[in-house]
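Single-letter residue listing:
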Amino acid sequence: MPQMIAHVALVVRNYDEAIAFYTRALGFRVFEDTDLGGGKRWVLVGPPDSQSTQLLLAQAAKPEQASRIGNQTGGRVFLFLHTDDFWRDYKAFNPHGVKFVREPKEETYGTVAVFEDIYGNLWDLIQRK
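This structure is a prediction, so every number in the text was calculated from the model and none was measured.

Asks: Just give me the short version of the pattern of salt bridges, but keep the residues and values in it.
Replies: For the structure shown, the criterion picks out 8 salt bridges. Of the charged contacts, one joins Arg 41 and Asp 33 as a salt bridge, the two residues approaching to 2.7 Å between their closest N and O atoms. The residue Arg 88 makes a salt bridge to Asp 89 at a minimum N-O spacing of 2.9 Å. Looking at Arg 88, the relative accessible area reads 42%, which means it is partly exposed. Residue Asp 89 is classed as buried on the basis of its relative accessible area, which comes to 15%. Overlapping salt bridges bring together Asp 16, Asp 33 and Arg 41 as one network.

As structure tokens, this is what we get:
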């Protein structure tokens, strides 16, 4: 099997709060939600038809972890959501409280806008040319 990145850990405040945002606002699907005991869960979410990398929602268990919620990359864009229809997704996200912090722009590589998730992590919404 060729190598691939299977999951990216995303530190969150609360599992259920994060699941609600990613499924309702972004239309993601829960691929797995397994109770590991002791308040820990293995929660994987991602775009519904995705066959690639999924987000592993990791509830902060210590103050140091909690301090990273919403800023795992020091203010840089952290995650990149590719789409086959930029305007469909841009319009669908707005009514669900997704906050776009940089308006749509045509770049040499495609159409892009930057939005924040529930915690302030920055994402690119991209439709590649």
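Asks: How would you summarise the sheet that holds strand S5 (residues 77-82) if you had to cite specific residues and measurements?
Replies: Two orientations exist for strands paired in a sheet by backbone hydrogen bonds: parallel and antiparallel. In space, the 4 strands of this open sheet follow the order S5-S8-S7-S6, with mixed pairing throughout. The two strands at the open ends of the sheet, each matched to only one other strand, are S5 and strand S6 (99-107). Along the sheet, successive strands turn relative to each other by an average axial angle of 20 degrees, direction set aside. In this sheet, strand S8 (residues 122-128) lies alongside strand S7 (residues 110-116) in antiparallel orientation, the contact comprising 7 bridges. When the bridges of S8 are listed, Thr 111 appears paired with Gln 127. Strands in contact with helix H3 (residues 86-93) are S5, S6, S7 and S8; relative to S6, the strand with the most contacts, it is inclined by about 165 degrees.

Asks: So, the side chain of Gln 54: which residues are in play, and what are the values?
Replies: With respect to the helices and strands, the residue Gln 54 is situated in strand S4 (residues 54-59). Contacts of Gln 54, omitting those with residues within four sequence positions, involve Ala 6, His 7, Val 8, Phe 31, Leu 44 and Val 45.

Asks: Can you lay out the packing of aromatic side chains for me, pointing to particular residues and giving the numbers?
Replies: A complete count under the given rule lists 11 aromatic pairs for this structure. Between Phe 86 and Trp 87 the ring centres are 4.9 Å apart and the planes differ by 85 degrees, which places this aromatic pair in the edge-to-face class. An angle of 65 degrees between the planes, with centres 5.8 Å apart, marks the rings of Phe 93 and Phe 115 as edge-to-face. With Phe 93 in helix H3 and Phe 115 in strand S7, this residue pair connects regions lying 22 residues apart in the sequence.

Asks: Would you mind going over the nonpolar core in detail, with residue names and values included?
Replies: Ranked by internal contacts, the top residues of the largest apolar core, which has 29 residues, are Tyr 22, Leu 55 and Leu 57. If we skip the residues at most four places from it in the chain, Leu 57 touches Leu 10, Val 12, Tyr 15, Ala 18, Ile 19, Tyr 22, Arg 41, Val 43 and Val 45.

Asks: Lay out the environment of Glu 64 with the relevant residues and their values.
Replies: Its place among the elements puts Glu 64 in helix H2 (residues 63-66). Residue class for Glu 64 comes out exposed when judged on its relative accessible area of 57%. In sequence terms Glu 64 and Ala 9 are 55 residues apart; their C-alpha atoms lie 15 Å from each other.

Criteria and thresholds
Residues numbered from 1 in each chain as written. Predicted model: local features only at pLDDT ≥ 70, side-chain atom pairs only at ≥ 80, totals over all residues. Heavy atoms only, no water. Salt bridge = Lys/Arg side-chain N within 4 Å of Asp/Glu carboxyl O. Buried < 20%, exposed > 50% of the residue type's maximum accessible area, 1.4 Å probe, protein only. Pairing = 2+ DSSP bridges. Helix = DSSP H or I, 4+ residues; strand = E, 2+ residues; numbered from the N terminus. Axes fitted to C-alpha atoms, helices over the stretch in contact; angles between N-to-C directions. Contact = heavy atoms within 4.5 Å. Phe/Tyr/Trp six-rings, centres within 6.5 Å; stacked < 30°, edge-to-face > 60°. Core = buried A, V, L, I, M, F, W, Y, C linked by side-chain atoms within 4.5 Å.

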